[in-house]
Amino acid sequence: MLRDTDEDWKGIAGEPYYGVFSHLEYFRENLTPERLEHFWASGRGDIGWQLDLLRRHYGDFQPKSVIDFGCGVGRLSRALAEIVDQVYGIDVAEGMREEARKNVPANVQIFEAIDSVPAETVDWINSTIVFQHIHPANGLPLFQKLLDRLAPGGGMTVQFTTFKERGAVTMAGLGMDYVSWDGERMKALIETPPGSGTMMMYDYDLNQIMAMLYRAGIERFTIQHSNHGGHHGAFVIGRKG
Ligand SMILES: C[S@@+](CC[C@H](N)C(=O)[O-])C[C@H]1O[C@@H](n2cnc3c(N)ncnc32)[C@H](O)[C@@H]1O
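Read on for an overview of the structure. Keep in mind the model is a prediction, meaning the values are calculated, not measured.

1. Description of the overall build of the protein chain
Stage number 1. Within the protein chain, the regular secondary structure consists of 7 helices and 9 strands.
Stage number 2. By the compact-globule yardstick of 18 Å for 241 residues, the protein chain fits well, its C-alpha radius of gyration being 18 Å.
Stage number 3. Considered along the principal axes of its C-alpha atoms, the protein chain spans approximately 55 × 45 × 30 Å.
Stage number 4. Counting only contacts in the protein chain whose residues sit at least 6 apart along the sequence, the fraction spanning at least 24 positions is 66%.

Structure follows, in structure tokens:
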């Protein structure tokens, strides 16, 4: 059975800022105005970088609406709200949505699921450090729903993890107690799933993502490397034809 990562996030959202950046300084009791300002500045920096790449590769881009999938406490939604007229933030965890609503301006609406977003299409789909936490069997259909919402000419900035470096993963992290190694593959013999509320990290097949992009009419895209603690991946930055 697939792990229910939605349940994990409902628990993690008890410490919502730590859930976004897993450093002790982002525990509620350790938050200071300076740390918060740094947190929001990081969101403006990330969005500025993504928008700059979109424009540099695909010309003039003046989006009016955006979906911020997995918006968390609104780190990126706040920055996006300075650029577009309407932001639709989506987050599965009630604790995240509650905190986000306190943080965002009036042109940001927050929803639990993509299906609730009222606009038929949007000019931009963004998702950063989100799909990596969703099992691909669940994440890819969600990604398809995002692609279905992208208007012609729309831009995408969506990040996935795709491989891990030595040391970034442990047997315990994968929930494996005992394994066998036949020279090519490791096979779990006895497993104990990581406890509820664990932030899981999954790798996606970039080739599968490329096939989905092609089918969605996104034939021109650029890949930017990402590395979150040894979990490597790609920002896929593209524009629908
Ligand atoms: C690491 S945080 C990133 C938040 C935000 N994107 C940012 O960069 O500040 C991951 C977020 O994804 C949300 N999330 C996880 N699974 C989700 C799903 N299936 N649908 C929507 N949001 C999800 C979590 O609740 C969490 O708020």
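2. Notes on the pairing of strand β2 (residues 86-90)
Stage number 1. Most of β2 is tucked away: 4 of the 5 residues are buried.
Stage number 2. Bridging between strand β1 (residues 65-69) and β2 involves 5 bridges; their strand directions are parallel. Within β2, the residue paired with I67 across the bridge is Y88.
Stage number 3. Once you follow β1 into helix α4 (residues 75-81) and on to β2, the crossover reads as right-handed.
Stage number 4. Note: β2 against strand β3 (residues 108-111), 4 bridges, orientation parallel. Directly across from I90, in β3, lies its bridge partner F111.
Stage number 5. Each parallel crossover has a hand, and for β2 linked through helix α5 (residues 94-103) to β3 it is right-handed.

3. Quick word on helix α3 (residues 33-58)
Stage number 1. In a regular helix each residue adds 1.5 Å, so 26 residues correspond to 38 Å; α3 covers 37 Å between its end C-alpha atoms and thus fits that length.
Stage number 2. Where the residues of α3 are buried, they touch α4, β5 (150-164) and β9 (231-239).
Stage number 3. Positive phi shows up at G59, right after α3, with a value of about 80 degrees.

4. Concerning the nonpolar core
Stage number 1. Core analysis: the largest hydrophobic core is formed by 51 residues, its most contacted members being I67, L80, V122, I125, M156, F160 and V236.
Stage number 2. When neighbours within four sequence positions are excluded, V236 is seen to be in contact with M156, V158, F160, I209, F221 and I223.

5. Examining the site of the ligand
Stage number 1. As a matter of local geometry, the ligand sits amid 20 residues, with W9, G70, G72, R75 and V92 nearest to it.
Stage number 2. Looking at the shell around the ligand, the elements that each hand over two or more residues are α1 (5-12), α2 (16-20) and α4.
Stage number 3. Class assignment of the residues belonging to the shell around the ligand gives a composition of 11 nonpolar, 6 polar and 3 charged.

6. Some points on α1
Stage number 1. Taken residue by residue, α1 has D8, W9 and I12 as its buried positions. Looking straight down α1, one finds its buried side chains confined to an arc of 95 degrees; they lie on one side.
Stage number 2. Of the surrounding secondary structure, the elements contacted by the buried residues of α1 are α2.

7. A few points about the pairing of β1
Successive residues of a regular strand alternate their side chains across the two faces of the sheet.
Stage number 1. Most of β1 sits inside the fold, with 5 of its 5 residues counted as buried.
Stage number 2. Bridging between β1 and strand β4 (residues 122-127) involves 3 bridges; their strand directions are parallel. Counterpart to D68 in the pairing with β4 is N126.

8. Some thoughts on the environment of Q86
Stage number 1. Along the chain, Q86 falls in strand β2.
Stage number 2. Residue class for Q86 comes out partly exposed when judged on the 18 C-beta atoms lying within 10 Å of it.
Stage number 3. Each C-alpha atom of the pair Q86 and Q109 lies 7.9 Å from the other, and the pair is 23 residues apart in sequence.

9. Examining the sheet that holds β5
Stage number 1. If you walk across this open sheet you meet the 7 strands as β3-β2-β1-β4-β5-β9-β8, and the pairing is mixed. The open sheet is flanked by β3 and β8 (220-228), the only strands paired with a single partner. Taking the axes of each pair of neighbouring strands and ignoring which way they run, one obtains an average angle of 20 degrees across the sheet.

Conventions adopted
- Residues numbered from 1 in each chain as written.
- Predicted model: local features only at pLDDT ≥ 70, side-chain atom pairs only at ≥ 80, totals over all residues.
- Helix = DSSP H or I, 4+ residues; strand = E, 2+ residues; numbered from the N terminus.
- Rg over C-alpha atoms; globule rule 2.2 N^0.38 Å.
- Contact = placed C-beta atoms within 7 Å.
- Buried ≥ 20, exposed ≤ 12 C-beta atoms within 10 Å, placed from the backbone.
- Pairing = 2+ DSSP bridges.
- Right-handed = clockwise from strand over helix to strand, strands pointing away.
- Expected span 1.5 Å × (residues − 1).
- Core = buried A, V, L, I, M, F, W, Y, C linked by C-beta atoms within 7 Å.
- Near = placed C-beta within 6 Å.
- Nonpolar A, V, L, I, M, F, W, Y, C, P; charged D, E, K, R; others polar.
- Arc of directions from axis to C-beta.
- Axes fitted to C-alpha atoms, helices over the stretch in contact; angles between N-to-C directions.

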